[in-house]
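The primary structure of each chain is shown beneath.
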Amino acid sequence: MTFYPDLPYVDGRPSAVGDLFLPETFSGTPVLLIHGGGWKALAKEDFAFMVPFFLRAGRPVFNINYRLLGEAFWPACVEDCRAAAEFILSGGLETEGLPAPEKIIICGASAGGHLAMATGLGLPHLRVAAILSMAGPSRIDWVANNQDPLGMYDGFLEGFFGTAIAPEDALVRKASPALMVPPNPPRLFCLHSRNDRLVPPEQSAEACRAWSEAGGQAEVSLIDGDGDLHGFWIANERERIRPEVGEWVDRCLSLIP
């Protein structure tokens, strides 16, 4: 494996960097990884636990940072994610050994799952091989109305958009992937814990219904995660990933060229 840290994908923007991981042998579409953290916390290193699952399948990985809400309001974060996707697709990583691909896979968790869906829907659908959303919120109006166990979403809409706004506002709809699915969207795979109270599995189910109604392929895989958060870790210890996560990645990649 070859590792290139902190590669800029937008010049002059300190947060617009990503870590490139290249397997010894390439065997398919590269992956854009998008971390979670409620759109306002964490960094690419917090999602690096997913990298080995893709590398073992021979998939190059670009694991990115993006502007958090403390730096810029929506849509800055998704604009950064799309810029990273376009950077890969246009051959921006050729110097490091990743030629411009025909398509990419986009994978994110929690807020990163929302951004993965929104990013994939904002690109030409023929350039997106698949979207992998792990506990991704699919409706921003739901986030605003949800009483989550961590209290992360108190006063959410004003902090998200930078202004007081009603949940039924058109801007909220435009930021909600389940409400903005175009005809024939890229394939969607969702992973969710049945016990998740931070982002309940209905959010993945609703996304998949919207995808199917638009003529796309979509499916939800459910696991019995520990605790009432996302449940991707054994006993919620970040060093111990549930084997079901790796099995889900393997299954998804077996269906994606």
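Below: a short report on this structure. (Residues numbered from 1 in each chain as written. Predicted model: local features only at pLDDT ≥ 70, side-chain atom pairs only at ≥ 80, totals over all residues. Heavy atoms only, no water.)

**Topic: the side chain of Ser138**
The topology assignment puts Ser138 in the loop between strand 6 (128-134) and helix 4 (140-145). Polar contacts involving the side chain of Ser138 include one to the main-chain carbonyl oxygen of Gln203, which spans 2.8 Å. If sequence neighbours within four positions are ignored, Ser138 has contacts with Met117, Ser176, Pro177, Ala178, Gln203, Glu206 and Ala207. (Helix = DSSP H or I, 4+ residues; strand = E, 2+ residues; numbered from the N terminus. Polar contact = N/O pair within 3.5 Å; in protein donor to acceptor, adjacent residues only side chain to side chain. Contact = heavy atoms within 4.5 Å.)

**Some remarks on the pattern of salt bridges**
A complete count under the given rule lists 15 salt bridges for this structure. The salt bridge partner of Arg67 is Asp80, with a shortest N-O separation of 2.9 Å. Note that Arg67 is positioned in the loop between strand 4 (61-64) and helix 2 (76-89) and Asp80 in helix 2, a separation of 13 residues in sequence. Comparing Arg67 with Asp80 shows no difference in burial state: the two are buried. (Salt bridge = Lys/Arg side-chain N within 4 Å of Asp/Glu carboxyl O. Buried < 20%, exposed > 50% of the residue type's maximum accessible area, 1.4 Å probe, protein only.)

**A closer look at the pairing of strand 2 (residues 17-22)**
The side chains of a regular strand alternate, first on one face of the sheet and then on the other. The buried fraction of strand 2 amounts to six of the six residues, a majority that puts the element mostly inside the structure. The alternating pattern of strand 2 places Val17, Asp19 and Phe21 and Gly18, Leu20 and Leu22 on opposite faces, both of which are buried. Relative to strand 2, strand 1 (residues 2-8) runs antiparallel, the two sharing five bridges. From the neighbouring strand, Thr2 faces strand 2, where its bridge partner is Leu22. Here strand 2 pairs with strand 4 via four bridges, running antiparallel. Across the sheet, residue Asp19 finds its bridge partner in strand 4, namely Asn63. (Pairing = 2+ DSSP bridges.)

**A short note on the side chain of Arg59**
As for its placement among the helices and strands, Arg59 is situated in the loop between helix 1 (51-55) and strand 4. For Arg59, which is buried and forms no salt bridge, the nearest opposite charge comes from Asp250, at a distance of 9.2 Å. Reaching out from Arg59, the side chain makes a polar contact with the backbone oxygen of Ile256 at a distance of 2.6 Å. When sequence neighbours within four positions are dropped, the list of residues in contact with Arg59 reads Pro23, Ser27, Gly28, Thr29, Val31, Phe54, Ile105, Leu253, Ile256 and Pro257. (Lys, Arg positive; Asp, Glu negative; His and termini not counted.)

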